[in-house]
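Understanding the architecture of this molecule
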Amino acid sequence: MKIGNFSYPLPANEPVLSYAPGTKERDDLKKALKSLKGKKIDVPMYIGSEEIRTDDKIEIRPPHEKKFVLGTYNQGTAADVKKAINAALKAKEKWAALSWGNRANIFLKAADLIATKYRAEMCATTMLGQSKNAFQAEIDAACELIDFLRFNVHFLNEIYSQQPVSSAGIHNRMEYRPLEGFVLAVTPFNFTAIGGNLPTSAAMCGNVVVWKCANTQVFSAQMFMRILKEAGLPDGVVNLIFVDGPVLGDVCFNHPDFAGIHFTGSTGVFNTMWKHIGENTKIYKSYPRIVGETGGKDFVVAHKSADVDVLVTALCRGAFEYQGQKCSAASRAYIPSNIAAEVKKKLVAEIKTMKMGTVEDFSNFINAVIDEKSFDKIEEYIKQVKRDKEAKIIVGGKCDKSNGYFIEPTVIEVTNPKYVTMCNEIFGPVLTIYIYDENKFEETLKLVDTTSPYALTGSIIAQDRNAVELATQKLKNSAGNFYINDKPTGAVVGQQPFGGARGSGTNDKAGSIINLYRWLSARTIKETFIPATDYRYAFLKEK
Ligand SMILES: NC(=O)C1=CN([C@@H]2O[C@H](COP(=O)(O)OP(=O)(O)OC[C@H]3O[C@@H](n4cnc5c(N)ncnc54)[C@H](O)[C@@H]3O)[C@@H](O)[C@H]2O)C=CC1
Ligand SMILES: N[C@@H](CCC(=O)O)C(=O)O
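Once a new chain begins, its residue numbering starts again from 1 and follows that chain's sequence as written. Chains and ligands are labelled by the order in which they are written, letters from A for the one and numbers from 1 for the other. At least 70 in pLDDT is required for a residue's local features to be given in this predicted model, at least 80 for side-chain atom pairs to be given and counted, and no such filter applies to totals for whole chains, interfaces and linings, which use all residues. To obtain the side-chain values, all non-hydrogen atoms of the structure were included, while hydrogens and water were left out.

**Section: the packing of aromatic side chains**
Any pair of aromatic rings gets described here by the distance separating the centres and the angle formed by the planes. To keep it simple, the criterion reads: Only the six-membered ring of Trp is used, alongside the rings of Phe and Tyr, when aromatic pairs are assigned; centres must lie within 6.5 Å, and planes under 30 degrees apart are stacked while those over 60 apart are edge-to-face, with the rest tilted. Helical segments are the DSSP runs of H or I of at least four residues, strand segments are the runs of E of at least two, and each set is numbered from the N terminus. For every residue, the accessible area obtained with a 1.4 Å probe (protein chains only) is divided by the maximum for its type, and the residue is called buried under 20%, exposed over 50%, and partly exposed between those limits. Definition used: whenever NZ (Lys) or CZ (Arg) falls within 6 Å of the ring centre and also within 35 degrees of the ring normal, the charge is taken to sit over that ring.
A complete count under the given rule lists 15 aromatic pairs for this structure. Here Phe-151 and Phe-155 contribute two aromatic rings whose centre-to-centre distance is 6.2 Å and whose plane-to-plane angle is 45°, an arrangement assigned as tilted. A residue pair is termed a helical-turn pair when its members lie 3 or 4 positions apart in one helix, as Phe-151 and Phe-155 do in helix 5 (residues 134-161) at 4 residues. Phe-155 shares its class with Phe-151; the two are buried. Of note, Lys-30 hangs over the ring of Phe-362, and the distance from its end group to the ring centre comes to 4.4 Å.

Right, dumping it as structure tokens:
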């Protein structure tokens, strides 16, 4: 029963803790890291009310310390996917009928649990499992995840209050139903917050969800799943499973109750999913919602008026934070000839000061890349540069996987602006720069726009307002998140809604009102108070 219009005002962003020496948060985090390393947990799949363990145990190892075993997780099969769908569908009716106030407060409670009781553990699981330093873990596993939960409650409340007009003698209203069926959330390794947001944004709207996280994000995903349970999420609303991608797709995309996919990951995988779903439209009850945020080849273009220090800092942070494993990472830069020598000198000098190593040593800015497959792929690009004439490495380039998957922050300078590392997403600590004639700014903007199939993020660095204006116009379709005098990473929920078009996805802006509409199916209801009793309109009547 609804007995009031509850209010969920716009929240403030969760403050970012500093982890500076001597702070309590630093102490708590160090303790959590130590304690997690001593535990050796065995992570089950969470299906309905059950914790499922299998004979197929997979070890979880920190990417920066590959000989250390943090624990294991239980790999499932097609039968577990089916079980998860059934558990979701069983929970559906009751969950959809739960009042909005009670639904919303589960997610707000989860946000508060992360902000307080579990902050250190959320960050520590992310640091160890995904090789993030303390700051990168804080802005992801704590702040961004908390923001997603709190802001989405506010946005959904706004949607529910958007109602059609009514005229004399009638009342119109809009019901925002969840989708008919289950939603599949498939999430990437690089952001714990994305792992948390994709299933919960759909669940918040009254949907039931099957969630498959990347196998390299299991360590932090299980932590979030346990927090959701503690916050009161009913069994079966979100079911966390660990299975191979193709096995998952085979069961889910061939199921008549498949209602939508909330995906973040690579463009190739998303394209395969889209094709599979497209071929099956006849078997579904409704057209499934397909939402995907995918790859990027994000640019920084500097104008001849650029402040060199602003540019160098944007490149250092934008390209190398979290080892460049952000879909938003700066990975191609266009530097005007008048400042090129100074930029290169300062960039190389800054990069040489970046320390690389484990996450437990807080003086390390750079940690390891996620796994061996990724390491090998990035190393292959670096080896190719060493063979090619049109590219050279100006700093970095060393790769060493003896203890962990370490790749030095690397800058490649090219003479061909369409060289392979200017076009392909590499997903590692590799930045390619191209020096252009300072008087060919407009031509360079065209180059920026046409070099890659992606359109996720990009920056213009300039002090000249006309240059900013021109870049903003000419690069209108080149990035869904465009930055002026800043790095192209670090979007904050509620402040810079995130997502791109072209090969970068459906641009449904994670953590914004736009995204939530995709998980709702509206029903319009018109009620007429004094209904007509004669089909004849007035114009048919004779005098
Ligand atoms: N645009 C955005 O907001 C973001 C995009 N990304 C993109 O994600 C990629 C890196 O993340 P990864 O985890 O390596 O991506 P990925 O595409 O390899 O994996 C993403 C998820 O899809 C699953 N998967 C893989 N193959 C599958 C299949 N055939 N069927 C069903 N599921 C399958 C994986 O197990 C994982 O859970 C990069 O391309 C990056 O740009 C990452 C974060 C944000
Ligand atoms: N929200 C992130 C990007 C997400 C990602 O890289 O996966 C940022 O702006 O840095």
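**Concerning helix 8 (residues 245-252)**
As a reminder, the rule being used: Residue contacts follow a heavy-atom distance rule, with two residues in contact if any of their heavy atoms lie within 4.5 Å.
For helix 8, the set of buried residues is Leu-248, Gly-249, Val-251 and Cys-252. If you follow the buried residues of helix 8, they end up packed against helix 2 (78-97), strand 7 (182-186), strand 8 (208-212), strand 9 (238-241), strand 10 (258-264) and helix 9 (267-279).

**With respect to the site of ligand 2**
Inclusion rule: Whether a residue is near a molecule or strand is decided by its heavy atoms; if any one of them lies within 4 Å of it, the residue is near. Polar contact is defined as a pair of N or O atoms within 3.5 Å, subject to the rule that within protein one atom must be able to donate a hydrogen and the other to accept it, and that residues adjacent in sequence are counted only when both atoms are side-chain atoms. Using the Shrake-Rupley algorithm and a 1.4 Å probe, accessible areas are obtained, with residue cover drawn only from the displayed protein chains. Side-chain classes follow a simple rule in which Ala, Val, Leu, Ile, Met, Phe, Trp, Tyr, Cys and Pro form the nonpolar group, Asp, Glu, Lys and Arg form the charged group, and the remainder, Gly included, forms the polar group.
Around ligand 2 lies a shell formed by Glu-144, Asn-190, Phe-191, Ile-194, Lys-326, Cys-327, Ser-328, Thr-489, Gly-490, Ala-491 and Phe-498. Residue Asn-190 places a side-chain N or O atom 3.0 Å away from an oxygen atom belonging to ligand 2. At 2.8 Å from an oxygen atom of ligand 2 is found a main-chain nitrogen or oxygen belonging to Ala-491. Protein contacts shield 97% of the accessible area of ligand 2, which totals 290 Å² for the unbound molecule. Split by residue class, the shell around ligand 2 holds 5 nonpolar, 4 polar and 2 charged.

**What about the site of ligand 1?**
Surveying the vicinity of ligand 1 reveals 26 residues, the closest of which are Thr-187, Lys-212, Ser-266, Thr-294 and Glu-425. Burial of ligand 1 by the surrounding chains reaches 84%, relative to a free accessible area of 850 Å². Within the shell around ligand 1, the residues separate by chemical class into 14 nonpolar, 9 polar and 3 charged.

**Some remarks on the environment of Thr-451**
Within the secondary structure layout, Thr-451 lies in the loop between helix 14 (441-450) and strand 19 (454-455). A C-alpha to C-alpha distance of 6.1 Å links Thr-451 and Cys-423, two positions 28 residues apart in sequence. In this structure, Thr-451 is in contact with Arg-332, Tyr-334, Pro-417, Lys-418, Met-422 and Cys-423, ignoring residues within four places of it in sequence.

**What about the environment of Thr-533?**
Position of Thr-533 relative to the elements: it lies in the segment after strand 23 (520-528). Taking the C-alpha atoms as reference points, Thr-533 and Ala-319, 214 residues apart in sequence, are found 70 Å from one another.

**Digging into the nonpolar core**
Put simply, the rule reads: Take the buried Ala, Val, Leu, Ile, Met, Phe, Trp, Tyr and Cys residues and link them wherever side-chain atoms come within 4.5 Å; each set so joined is a nonpolar core.
The biggest cluster of nonpolar side chains holds 107 residues, and the ones touching the most others in it are Leu-156, Phe-182, Leu-184, Trp-211, Ile-241, Phe-253 and Ile-261. The element best represented in this core is helix 5, accounting for 14 residues. For Ile-241, the contacting residues outside a window of four places in its chain are Met-45, Ile-47, Asp-80, Val-81, Ala-84, Val-210, Trp-211, Lys-212, Cys-213 and Leu-248. Core analysis: the second largest hydrophobic core is formed by 33 residues, Phe-406, Tyr-419, Ile-426 and Val-448 among them.

**As for the sheet that holds strand 4 (residues 57-60)**
Defined as follows: Here, a strand pair is defined by DSSP locating no fewer than two bridges between the strands. Note on geometry: axes are C-alpha line fits, over the in-contact stretch for helices, and angles between N-to-C directions span 0 to 180 degrees.
Spatially, 1-5-4 is the arrangement adopted by the 3 strands of the open sheet, whose pairing is mixed. Taken across any chain shown, the strands that pair with only one partner, and hence form the sheet edges, are strand 1 (41-43) and strand 4. Strand-to-strand twist of the sheet, defined as the mean angle between neighbouring strand axes without regard to direction, takes the value 25°. Looking at chain direction, strand 1 and strand 5 (residues 71-74) are connected through 3 bridges and run parallel. Bridging across to strand 5, Val-43 finds its partner in Tyr-73. Strands strand 1, strand 4 and strand 5 of the sheet are contacted by helix 7 (residues 218-230), whose axis makes an angle of about 80° with strand 1.

**Re the sheet that holds strand 14 (residues 391-395)**
Judged by pairing direction, the sheet is mixed, and its 7 strands sit side by side in the order 14-17-18-13-12-20-21 without closing on themselves. Both outer strands of the open sheet, strand 14 and strand 21 (481-484), are each paired with one neighbouring strand and no more. Recorded for the sheet is a direction-independent mean angle of 20° between the axes of neighbouring strands. With 5 bridges connecting them, strand 17 (residues 410-414) and strand 18 (residues 430-436) associate as parallel partners. Paired with Val-411 across the strands is Leu-431, a residue of strand 18. Running at roughly 175° to strand 21, helix 15 (residues 465-474) makes contact with strand 20 (457-461) and strand 21 of the sheet.

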